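Here are the chains, one letter per residue:
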Amino acid sequence: MDWLNKAKKVAGDAASQAKTKVERSKLRHKADEAAQQLGYLVYRERTGGGAAGAEADRLIGEITAAEEELAAEPAEGGPAGDTGPEAPATEA
């Protein structure tokens with residue numbers, strides 16, 4: 001019977017790891033979508049559109065919240081704070 005308990009534990013661990021990966025993927029996707037929207041917003045602002053203002057602040061808040069949540073939970077097989085590729089540096 002001991003092998004059955006071990007099998008259940010392994011299956012539970014695998015399910016937990018899969019759930020964590022899905023949750024991290026959803027957070028990464030949310031942050032990426034917000035970053036893309038922010039990029040378009042800045043582009044419109046720089047090419048003669050209106051000021052980004054509150055909408056830019058909202059998107060930055062979404063990105064920040066997602067990044068903080070990703071950094072708080074260690075990735076499967078990686079150290080805490082490993083949130084994937086960094087955004088390229090830009091010149092101001």
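Residues numbered from 1 in each chain as written. Predicted model: local features only at pLDDT ≥ 70, side-chain atom pairs only at ≥ 80, totals over all residues. Heavy atoms only, no water.

Would you mind going over the overall build of the chain with me for this structure?
Broken down by element type, the chain carries 2 helices and 0 strands. When each of the 92 residues of the chain is scored for burial, the buried share is 17%. When contacts within the chain are restricted to residue pairs at least 6 apart in sequence, those whose partners lie at least 24 apart make up 56%. As presented, the chain carries roughly 7,000 Å² of accessible surface, and 57% of it is formed by carbon and sulfur atoms. (Helix = DSSP H or I, 4+ residues; strand = E, 2+ residues; numbered from the N terminus. Buried < 20%, exposed > 50% of the residue type's maximum accessible area, 1.4 Å probe, protein only. Contact = heavy atoms within 4.5 Å. Areas by Shrake-Rupley, 256 points an atom, 1.4 Å probe, with all protein chains shown as cover.)

Would you mind going over the pattern of salt bridges with me for this structure?
When charged atoms on two side chains of opposite charge get close, those side chains can pair. Evaluated as defined, the whole model comprises 6 salt bridges. Measuring nitrogen to oxygen at the nearest pair gives 2.9 Å for the salt bridge that ties Arg-28 to Glu-67. Of this pair, Arg-28 sits in helix H1 (residues 2-46) while Glu-67 is found in helix H2 (residues 53-72), placing the two residues 39 residues apart along the sequence. The salt bridge partner of Glu-55 is Arg-58, with a shortest N-O separation of 2.7 Å. Taken together, the positions of Glu-55 and Arg-58, both in helix H2 and 3 residues apart, correspond to about one turn of that helix. (Salt bridge = Lys/Arg side-chain N within 4 Å of Asp/Glu carboxyl O.)

Where do I start with the environment of His-29 in this structure?
Mapped onto the fold, His-29 is located in helix H1. Residues His-29 and Ala-66, 37 residues apart in the sequence, show an inter-C-alpha distance of 9.3 Å.

Is there a simple way to explain the packing of H1 against H2 in this structure?
Geometrically, a packed helix pair is captured by the angle between its two axes and the distance between the axes. One way to put it is that H1 packs onto H2 with a least axis distance of 9 Å and a crossing angle of 155 degrees. On the basis of the axis angle, H1 is roughly antiparallel to H2. As for the relative orientation of H1 and H2, their crossing is left-handed in sense. For the pair H1 and H2, contact is made by Arg-24, Leu-27, Arg-28, Lys-30, Ala-31, Ala-34, Ala-35, Gln-37, Leu-38 and Leu-41 and by Glu-55, Ala-56, Arg-58, Leu-59, Ile-60, Glu-62, Ile-63, Ala-66, Glu-67, Glu-69 and Leu-70, respectively. Looking at side-chain class alone, the contact of H1 with H2 contains 12 nonpolar, 1 polar and 8 charged residues. (Axes fitted to C-alpha atoms, helices over the stretch in contact; angles between N-to-C directions. Parallel < 35°, antiparallel > 145°, perpendicular 65-115°, else oblique. Left-handed = near helix turned anticlockwise from the far one by under 90°. Nonpolar A, V, L, I, M, F, W, Y, C, P; charged D, E, K, R; others polar.)

Just to check I follow, could you spell out the nonpolar core for this structure?
The nonpolar side chains of a soluble globular protein tend to be buried, and buried together. Grouped together as the largest cluster of nonpolar side chains are 7 residues: Ala-34, Leu-38, Leu-41, Ala-52, Ala-56, Leu-59 and Ile-63. Beyond its immediate sequence surroundings of up to four residues, Leu-38 is in contact with Ala-56, Leu-59, Ile-60 and Ile-63. (Core = buried A, V, L, I, M, F, W, Y, C linked by side-chain atoms within 4.5 Å.)

I keep staring at H1 and nothing clicks. Help me out?
Since there are 3.6 residues in each turn of an α-helix, residues three or four apart along the chain are aligned in direction. The end-to-end C-alpha distance of H1 is 66 Å, a good match for the 66 Å that 45 residues give at a rise of 1.5 Å each. Restricting attention to buried positions, one finds in H1 the residues Arg-24, Leu-27, Arg-28, Ala-31, Ala-34, Leu-38 and Leu-41. On the buried face of H1, the contacting elements are H2. Taken from the residues just after H1, Gly-48 is the one with a positive phi, measuring 105 degrees. (Expected span 1.5 Å × (residues − 1).)

What is the right way to look at the environment of Ser-25 in this model?
Residue placement: Ser-25 occurs in helix H1. Once the C-alpha coordinates of Ser-25 and Leu-70 are considered, the two residues, 45 residues apart in sequence, prove to be 9.5 Å apart.

For this particular structure, what's the right way to read the side chain of Arg-24?
Tracing the chain through its elements places Arg-24 in helix H1. Of the polar contacts made by the side chain of Arg-24, one reaches the backbone oxygen of Leu-70; its length is 3.0 Å. (Polar contact = N/O pair within 3.5 Å; in protein donor to acceptor, adjacent residues only side chain to side chain.)

From the geometry alone we can't say anything about function, so treat these as descriptive.
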